Amino acid sequence: MSKKVIAGLVCCVFALGIATTASAHTPEGEIFFAVQFPDNYIPQIDGDISEWDVVPETPYRIRNDRLVAPDPSILTAPRGSQDPSDLNMHHVVGWNESQNKLYFMSEVFDNIHNVDREDVARFWDDDALEIEVNASHVGVDEQRIADQPAVNISYKWSVPPIEGQYQYLEPIGNYTWFQDGTDYINFGWSFEGEMFGESTYFYELAIIPVLSLSRDEATSLEGSEFLDLEEGTIIHFTPNVGDIDEPGGEDNYQSFWGLSTDAPCCKSSTDLAMAEMDPLLIEAIGDASTAVEEVSWGRLKAGLGK
Ligand SMILES: [Zn+2]
């Protein structure tokens, strides 16, 4: 099916969504798409983003031209105004029905990757990736209510780790079953260039989307609810990148970039739809595996010829 058909399908699902919820989303009138991975092509969460090469550019890849700096306490800057020689961002989201997982890939070039916080808890003193997910698709004013189950989960990362610390989950980060390395959260990273200088960091994250995370630790797993992903499902998300180029100190943010214009921190209001299987992706996966087979065959022939 063509992309027009995909757009049409999601458009109608989306229209139904508007009719039944009053929650606002930003940017207004826009919807982003999670590419659907087939069961035989699930990305390995290891910081090697090469499996994502098969994902078509449109409508999946989120680059600087889509990103805005919405936080008046740091910097407000319009969409697309980011200088790519200072910070260059690229995000893709995927999903798989059988695994019932969302997959995030982020590639962030930074002229100075700065990680030197003295207090390991203060990830916001360093360069960080903060992926916000509100699977229950409610308004931002309903996402951070202290005594209610958590409905927006912040998956925040600052690498390389300092004293082993790199994972910052909010608003609840102390459940053993809800940590990196579990079924619910799996994170991987790598980098090219200078670890603490000009470099590109690669991030991968897989999650089971949380509808509501119980505040009662003793029964937190049984008491929590998870979203069953299907084609056309719409959730809220934003991939946020904080840029800190100055070494040391506090509150040295140069900028903070994301998609949700009304949610500078710890909430999300950007619509993300689970796309149907994209024939361009399937074709690209086929080409990629053919290329691998041809290389193997070439090696085999070379071996036989000796
Ligand atoms: Zn929305």
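The present account deals with the structure reproduced in this document.

### Notes on the overall build of the protein chain
Moving on, step 1. A tally of regular secondary structure across the protein chain gives two helices and 16 strands.
Moving on, step 2. Taken over 306 residues, the protein chain has a buried fraction of 38%.
Moving on, step 3. Of all intrachain contacts in the protein chain linking residues separated by at least 6 positions in sequence, the fraction that spans at least 24 positions is 68%.

### Things to note about unusual backbone geometry
Moving on, step 1. The step from T26 to P27 runs through a cis peptide bond, and the omega angle for that step is -10 degrees.
Moving on, step 2. Mapped onto the fold, P27 is located in the loop between α1 (3-20) and β1 (32-36).
Moving on, step 3. In this structure, P160 follows V159 across a cis peptide bond, with omega equal to 5 degrees.
Moving on, step 4. Along the chain, P160 turns up in strand β8 (residues 153-162).
Moving on, step 5. A positive phi angle, near 55 degrees, is found at N100, a position not held by glycine.
Moving on, step 6. Taking the C-beta count within 10 Å as the criterion, N100 has 15 such neighbours and is therefore assigned partly exposed.

### Quick look at the nonpolar core
Moving on, step 1. Within the largest apolar cluster, 63 residues are counted, with the highest numbers of intra-cluster contacts made by A34, V35 and L205.
Moving on, step 2. With six residues, strand β11 (residues 199-207) is the single largest residue contributor to this core.
Moving on, step 3. Here L205 is in contact with I45, F104, I131, Y155 and F187, once residues within four sequence places are set aside.

### Some remarks on the pairing of strand β6 (residues 101-110)
In regular strands, side chains alternate between the two faces of the sheet.
Moving on, step 1. Most of β6 sits out of view: eight of its ten residues are buried.
Moving on, step 2. Bridge analysis of strand β5 (residues 87-96) against β6 gives ten bridges, and the strand direction is antiparallel. By the bridge assignment, N96 is partnered in β6 with K101.
Moving on, step 3. Taking the residues that link successive antiparallel strands as the turn, the β5-β6 hairpin has four residues, and the phi of N100 there is positive, at about 55 degrees.
Moving on, step 4. Both β6 and β11 contribute to a ladder of nine bridges, which runs antiparallel. Counterpart to F104 in the pairing with β11 is L205.

### Here we look at the environment of A275
Moving on, step 1. Mapped onto the elements of the fold, A275 is located in the loop between β16 (270-274) and α2 (279-304).
Moving on, step 2. A275 sits in the buried class, given 24 other C-beta atoms within 10 Å.
Moving on, step 3. Between the C-alpha atoms of A275 and Q36, which are 239 residues apart in sequence, the distance is 5.8 Å.

### Considering the pairing of strand β9 (residues 165-170)
Moving on, step 1. Note: β8 against β9, five bridges, orientation antiparallel. Paired with K156 across the bridge in β9 is Y168.

### Regarding the environment of L259
Moving on, step 1. Tracing the chain through its elements places L259 in the loop between β15 (255-257) and β16.
Moving on, step 2. Sequence-wise, L259 and N240 are 19 residues apart; in three dimensions their C-alpha atoms are separated by 7.5 Å.
Moving on, step 3. The contacts of L259, once residues within four sequence positions are left out, are P27, R66, L67, T238, P239 and T270.

### Let's talk about the environment of S81
Moving on, step 1. Locating S81 in the fold gives a position in the loop between β4 (75-77) and β5.
Moving on, step 2. Taking the C-alpha atoms as reference points, S81 and L67, 14 residues apart in sequence, are found 8.4 Å from one another.

Rules used in this analysis
Residues numbered from 1 in each chain as written. Predicted model: local features only at pLDDT ≥ 70, side-chain atom pairs only at ≥ 80, totals over all residues. Helix = DSSP H or I, 4+ residues; strand = E, 2+ residues; numbered from the N terminus. Buried ≥ 20, exposed ≤ 12 C-beta atoms within 10 Å, placed from the backbone. Contact = placed C-beta atoms within 7 Å. Core = buried A, V, L, I, M, F, W, Y, C linked by C-beta atoms within 7 Å. Pairing = 2+ DSSP bridges.

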